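What follows is the residue order along each chain.
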Amino acid sequence: MAQIHIPEEEIGVAFSGGGIRSAALSSGVLRRLLHREVKFGYVSCVSGGNYTAAAYLDWKYRHERTDDPDWHKIFFEHIRSRAGYLCNWKNPLQGILESIILVFLVITVNLLIPCIIYSAGAIPSAYVIDYVLGAVMRKGFNCSDVPQTSKGQNTSVRHCTQQFEIGHPEVREQFYLFSCLFLAFLVSYLIKTIVPTKRRSIARYFKILSGLLLALTFFPWLIQQSTGMLPNWLNALIIFLSIFFWLGFPPLRGEVSLVLMVYFYAFVVKWRVYETSVLGIVYEEQLFYILLLISGFFLWLTPFVGMFSTTAVFVYYR
């Protein structure tokens with residue numbers, strides 16, 4: 001059989017996924033290939049295969065993109081010596097320092113950064129909802145503008161009673177609003193499940209849009225009605241249970257995160273639309289616009305924050 005010569009630039013190595021088992025298998029395959037001096041120009045990897053491939057490429061770039069048996073040996077010894085733990089406890093001080101850094105990274109990447117990214121859109125969303133649909137959402141609540149002294153200046157603050165007048169002649173507009181949004185969500189959902197896959201993107205877009213509008217109008221309206229009936233401990237219990245399920249049941253994290261985000265956004269929208277106190281924070285126009293500017297700044301920072309979280313974890317594992 002004639003031998004086929006393939007240039008090394010056209011040879012690629014693929015490492016499949018499978019967690020730590022894939023990483024162990026990939027490291028063995030990589031070591032054997034390097035031992036046989038097989039040259040390859042491409043590396044493809046997913047999931048667990050990333051552990052080996054990313055570490056190898058990182059070391060290779062440290063050595064001017066060249067392979068050498070000397071650093072290969074050190075590289076694989078380094079992998080083997082650090083395979084069983086996250087922190088180097090052979091040196092107690094280094095172990096303590098790495099543990100502190102690891103805990104900080106876990107809290108920052110998994111808690112602080114998502115909270116900043118997802119909560120940054122609450123104030124702008126409340127502004128848009130109030131501007132477009134606020135007048136309809138206030139129907140039936142007997143809202144009136146009352147003068148209030150704030151920082152030496154007379155300002156007009158909206159006061160909305162919590163008692164909802166079901167017999168209000170314009171309440172039907174709220175019914176039409178919620179009904180139309182619910183029907184739009186339901187129809188979009190049904191279309192998304194029926195139409196071919198290539199045409200689902202438009203239906204999915206309308207489903208998300210109508211669902212968000214329904215959640216950010218109906219729930220603030222409902223909370224405004226039930227504020228006097230729901231004690232603070234019940235609100236705290238809802239948040240506690242959501243966090244409990246988020247931490248204890250990883251498969252439900254997507255759904256729980258959505259519930260927490262909608263719950264938080266609903267209170268912010270209520271704070272803006274009805275200009276009432278939420279969690280002891282009294283609504284002030286100046287405060288709202290300051291928070292709006294801060295939210296815009298954080299939204300602008302969102303791509304950079306995401307890059308920071310990825311880079312921070314990568315630097316730690318180096």
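None of these values were measured; they are calculated from a predicted model.

Attention now moves to the packing of helix α6 (residues 172-194) against helix α7 (residues 200-226). For the pair α6 and α7, the least separation of the axes is 8 Å and the interaxial angle reads 150 degrees. Compared by their axis directions, α6 and α7 come out roughly antiparallel. As for the relative orientation of α6 and α7, their crossing is left-handed in sense. Between α6 and α7, the contacting residues are Gln-174, Phe-178, Leu-181, Phe-182, Ala-184, Phe-185, Ser-188, Tyr-189, Ile-191, Lys-192 and Thr-193 on the first element and Arg-200, Ala-203, Arg-204, Phe-206, Lys-207, Ser-210, Gly-211, Leu-213, Leu-214, Thr-217, Phe-218 and Trp-221 on the second. Looking at the contact of α6 with α7, its residues break down into 13 nonpolar, six polar and four charged.

Nonpolar side chains in soluble globular proteins generally cluster together in the buried interior. One finds Met-137, Leu-177, Val-269, Trp-271 and Phe-288 to be the most contacted residues of the largest nonpolar core, which totals 26 residues. Of all elements in the fold, only α5 (122-137), α6, α7 and α9 (253-273) reach the threshold of two or more residues within this core. Dropping the residues within four chain positions of it, Met-137 is found in contact with Ile-129, Gln-174, Leu-216, Thr-217, Pro-220, Trp-221, Val-269, Val-273 and Tyr-274.

A separate point is the confidence of the model for the protein. Looking at the protein, the pLDDT average stands at 76 and 76% of residues meet or exceed 70. Taken element by element, the predicted model of the protein shows its lowest mean pLDDT in strand β4 (residues 153-160) (54) and its highest in α5 (88). Taken together, the stretch residues 149-154 has pLDDT below 50 and engages in six contacts with residues farther than four places along the chain or on a different chain.

Summed over the entire model, instances satisfying the criterion amount to three salt bridges. Asp-130 is the partner of Arg-272 in a salt bridge, and the nearest nitrogen-oxygen pair spans 3.0 Å. With Arg-272 in helix α9 and Asp-130 in helix α5, this residue pair connects regions lying 142 residues apart in the sequence. Each member of the pair Arg-272 and Asp-130 is classed as buried. When salt bridges that share partners are traced, they join Asp-130, Arg-138, Arg-272 and Glu-285 into one network.

Quick notes on the rules
- Residues numbered from 1 in each chain as written.
- Predicted model: local features only at pLDDT ≥ 70, side-chain atom pairs only at ≥ 80, totals over all residues.
- Heavy atoms only, no water.
- Axes fitted to C-alpha atoms, helices over the stretch in contact; angles between N-to-C directions.
- Helix = DSSP H or I, 4+ residues; strand = E, 2+ residues; numbered from the N terminus.
- Parallel < 35°, antiparallel > 145°, perpendicular 65-115°, else oblique.
- Left-handed = near helix turned anticlockwise from the far one by under 90°.
- Contact = heavy atoms within 4.5 Å.
- Nonpolar A, V, L, I, M, F, W, Y, C, P; charged D, E, K, R; others polar.
- Core = buried A, V, L, I, M, F, W, Y, C linked by side-chain atoms within 4.5 Å.
- Buried < 20%, exposed > 50% of the residue type's maximum accessible area, 1.4 Å probe, protein only.
- pLDDT = per-residue confidence, 0-100.
- Salt bridge = Lys/Arg side-chain N within 4 Å of Asp/Glu carboxyl O.

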